[in-house]
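Chain residues, written in single-letter form:
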Amino acid sequence: MKTLPLALLAVLAMAASLRAQEEDAPAPIVLPATARILGDISDGTPPAPQPPKPVFVVPASDILATTTQQQGGRTITLQRIKPIALPPPPEPAAPVDIHDPANQERLAAFRQNHPRTDLVFLGATVFRSEHSPSRSRVQIWPLLLDWNRPHPNNRGEPVAFWSSAD
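Please read all numbers here as calculations on a predicted model, not as lab measurements.

K.L.:
Help me understand the overall build of the protein, please; the structure alone is not making it clear to me.
P.N.:
Counting its secondary structure elements, the protein contains two helices and five strands. For the protein, the N- to C-terminal ordering of α and β elements is α-β-β-α-β-β-β. Within the protein, buried positions represent 3% of all 166 residues. Sequence-distant contacts, at least 24 apart, represent 32% of the contacts inside the protein between residues at least 6 apart. If you sum the accessible surface of the protein, you get close to 16100 Å²; carbon and sulfur atoms cover 61% of it.

K.L.:
Got a minute to help me understand the confidence of the model for the protein in this structure?
P.N.:
As a note on interpretation, predicted positions should not be read in detail where pLDDT is low. With 73% of its residues at a pLDDT of 70 or more, the protein has an overall mean of 79. In the model of the protein, helix α1 (residues 3-24) stands out as the element of lowest mean pLDDT, 65, in contrast to strand β1 (residues 63-71), which has the highest, 92.

K.L.:
Would you take a moment to explain the environment of Pro83 for this structure?
P.N.:
With respect to the helices and strands, Pro83 occurs in the loop between β2 (74-81) and α2 (101-113). We classify Pro83 as exposed; its relative accessible area is 79%. Expressed as a C-alpha distance, the spacing of Pro83 and Ile63, which sit 20 residues apart in the sequence, is 10.0 Å.

K.L.:
In this structure, what is going on with a nonpolar patch on the surface? I would like to understand it.
P.N.:
Judged by side-chain polarity, Phe56, Ile84 and Leu86 come together as a nonpolar surface patch covering roughly 390 Å² of accessible area. The class for Leu86 is exposed, based on a relative accessible area of 70%.

K.L.:
How should I be thinking about the packing of aromatic side chains in this particular structure?
P.N.:
Considering all chains together, one arrives at one aromatic pair under this definition. Pairing Phe127 with Trp162 gives two aromatic rings, centres 5.6 Å apart and planes at 45 degrees, and the pair type is tilted. Linking Phe127 in strand β3 (residues 116-127) with Trp162 in strand β5 (residues 159-163), this pair joins segments that are 35 residues apart in sequence. Phe127 gets classed as partly exposed once you look at its relative accessible area, which sits at 43%.

K.L.:
Even after reading the chapter, I still don't get the environment of Ser61, so can you show me in this structure?
P.N.:
Mapped onto the secondary structure, Ser61 falls in the loop between α1 and β1. Sequence separation of Ser61 and Ile81 is 20 residues, and the distance between their C-alpha atoms is 9.0 Å.

K.L.:
Even after reading the chapter, I still don't get the pairing of β1, so can you show me in this structure?
P.N.:
A regular strand places its side chains on the two faces of the sheet in alternate fashion. Here β1 runs beside β2; their pairing, made up of eight bridges, is antiparallel. Opposite Ala65, over in β2, you have Arg80 as the bridge partner. Turn length for the β1-β2 hairpin, with the two strands adjacent in sequence and antiparallel, is two residues, and the turn residue Gly72 shows positive phi of about 55 degrees.

K.L.:
Where do I start with the side chain of Asn103 in this structure?
P.N.:
Here Asn103 lies in helix α2. Judged by its relative accessible area of 19%, Asn103 falls in the buried class.

Analysis parameters
- Residues numbered from 1 in each chain as written.
- Predicted model: local features only at pLDDT ≥ 70, side-chain atom pairs only at ≥ 80, totals over all residues.
- Heavy atoms only, no water.
- Helix = DSSP H or I, 4+ residues; strand = E, 2+ residues; numbered from the N terminus.
- Buried < 20%, exposed > 50% of the residue type's maximum accessible area, 1.4 Å probe, protein only.
- Contact = heavy atoms within 4.5 Å.
- Areas by Shrake-Rupley, 256 points an atom, 1.4 Å probe, with all protein chains shown as cover.
- pLDDT = per-residue confidence, 0-100.
- Patch = residues over 30% accessible without salt bridge, like charges linked within 9 Å, V, L, I, M, F, W, Y side chains within 5 Å.
- Salt bridge = Lys/Arg side-chain N within 4 Å of Asp/Glu carboxyl O.
- Phe/Tyr/Trp six-rings, centres within 6.5 Å; stacked < 30°, edge-to-face > 60°.
- Pairing = 2+ DSSP bridges.

If you want it as structure tokens, here you go:
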């Protein structure tokens, strides 16, 4: 019973403090602006439904085997079908001659617009144990490529740390 008056006193003090802060706060600055509507105003009618997706139908003559399984109140049907004829792959692109003057100009323009590229190599090994939670050893190797150097040797220092993420 003695804590009730103390709690009531604390609540009243906090309310008075908040009221004092509100009275001392400066009035917000309102910048003049013109009200406008962005986009179209909806009249409340729902949008038209999306057209149904095409159904992949396999003719019965193309089904080689059918297996049905029950799982969690669902019936799952697996069908093995004949391979589908695919169009032939496109012809491979012609090899690019890097000594062609036009390609040299394009490469120089690219190097001018992209003077440096940063690459980060990241690897992780997950260690699992029966007696402790999973731990991961993460390693990061930064590599800075500079187009002005023929062989980039300016590698950043590798960083390694342990993580609790699996």
